[in-house]
Amino acid sequence: MPGAPVAGAGPGESETVSGEEMAAEAWADEFEHLLEMEEQNYHPPGEIFTGHVVGPADKFLVVDMGGKLEGVVPIEQVTGADGALLFKVGDAIEVMMDRGDSHLPGFVLLSHERVAKIRVWDTLEQAFRDNLPVSGRVLQRVKGGLEVDVGTKAFMPSSQLD
């Protein structure tokens, strides 16, 4: 079967490429293109990224991670005290890859709770650097002070009470 002439063949040279070689090269180009697209949508563990809520499913909230990837957030991480979902379909949600198995084939386990905790610590660190007061809610009295909720549990010495 005659092949196509190869570009760059010198005068009198008769290099040709078979149909199989052309198909293999086209497949390799397509594979490389798909890998590049996948790398753009890859989120390494620990990286915070924004996804979009697809909807609730069983005990999870399904999140579009971009490209053709979907992940799930355990439903208890995205419900209020009254049990209502905090997000609706189409809402943006900050998540990160989580360790563990989603128990749903084809889905990646995500965490919204870990992102929220990181954001709380960022806020507390900024308040510390700027020497700003932090508001909190007293949870209970403990030896030597109070346990206070400032987005995370904290100890407030009794010497700091006003």
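Before going into details, it helps to say that this report is about the structure given with it. The model shown is predicted, which means the values in this text are computed figures rather than measured ones. (Residues numbered from 1 in each chain as written. Predicted model: local features only at pLDDT ≥ 70, side-chain atom pairs only at ≥ 80, totals over all residues. Heavy atoms only, no water.)

Before going further, it helps to spend a moment on the pattern of salt bridges. Following the criterion strictly, the structure yields six salt bridges and no others. Ionic pairing is found between Asp98 and Arg114, a salt bridge with its closest N-O pair at 3.2 Å. Within this pair, whereas Asp98 is found in the loop between strand 6 (92–97) and strand 7 (108–111), its partner Arg114 is found in helix 2 (residues 113–129), the two being separated by 16 residues in sequence. For Asp98, a relative accessible area of 25% puts it in the partly exposed group. Between Asp122 and Arg119 there is a salt bridge, with its nearest N and O atoms 3.8 Å apart. On the criterion of helical spacing, the pair formed by Asp122 and Arg119 is a turn pair, its members being three residues apart in helix 2. One network of salt bridges, in which partners are shared, links Glu94, Arg119 and Asp122. (Salt bridge = Lys/Arg side-chain N within 4 Å of Asp/Glu carboxyl O. Helix = DSSP H or I, 4+ residues; strand = E, 2+ residues; numbered from the N terminus. Buried < 20%, exposed > 50% of the residue type's maximum accessible area, 1.4 Å probe, protein only.)

What follows concerns helix 2. Helix length check: helix 2, at 17 residues, gives a terminal C-alpha distance of 25 Å against a target of 24 Å (1.5 Å per residue), a fit within 8%. For helix 2, every residue scored as buried is listed here: Val115, Val120, Leu124 and Ala127. Structurally, helix 2 contributes buried residues whose contacts are with strand 6 and strand 7. Immediately beyond the C-terminal end of helix 2, within one or two residues, lies Asn131, with a positive phi of roughly 55°. (Expected span 1.5 Å × (residues − 1). Contact = heavy atoms within 4.5 Å.)

Let's shift gears to the pairing of strand 3 (residues 49–57). The sheet contact formed by strand 3 and strand 6 spans four bridges and is antiparallel. Paired with Gly51 across the bridge in strand 6 is Ile93. Two strands pair when backbone bridges link them, and strand 3 and strand 4 (residues 60–66) are joined in this way by five bridges, in the antiparallel orientation. Counterpart to Gly55 in the pairing with strand 4 is Val62. Once strand 3 ends, the chain turns through two residues before running back antiparallel as strand 4, passing Asp58 with a positive phi of about 55°. (Pairing = 2+ DSSP bridges.)

Moving on, we come to the sheet that holds strand 9 (residues 145–149). Whenever strands of a sheet pair, they do so through backbone hydrogen bonds, lying parallel or antiparallel. Strand order in this open sheet of three strands is 8-9-10, and the pairing throughout is antiparallel. Looking along the sheet, the strands with just one partner apiece sit at the ends: strand 8 (137–142) and strand 10 (153–157). This sheet shows a mean twist of 30° between the axes of neighbouring strands, independent of strand direction. By the bridge criterion, five bridges tie strand 8 to strand 9 in an arrangement that is antiparallel. Along strand 9, the bridge assignment pairs Val142 with Gly145. (Axes fitted to C-alpha atoms, helices over the stretch in contact; angles between N-to-C directions.)

Turning our attention to the side chain of His112. Examined against the element boundaries, His112 turns out to sit in the loop between strand 7 and helix 2. Those residues in contact with His112 that sit more than four places away from it in its chain are Val73, Gln77, Val78, Phe87, Ile93, Glu94 and Val95.

What follows deals with the pairing of strand 6. Inspection of the sheet shows strand 6 paired to strand 7 by two bridges, in the antiparallel sense. Counted as the bridge partner of Met96 is Ser111 from strand 7.

From the geometry alone we can't say anything about function, so treat these as descriptive.
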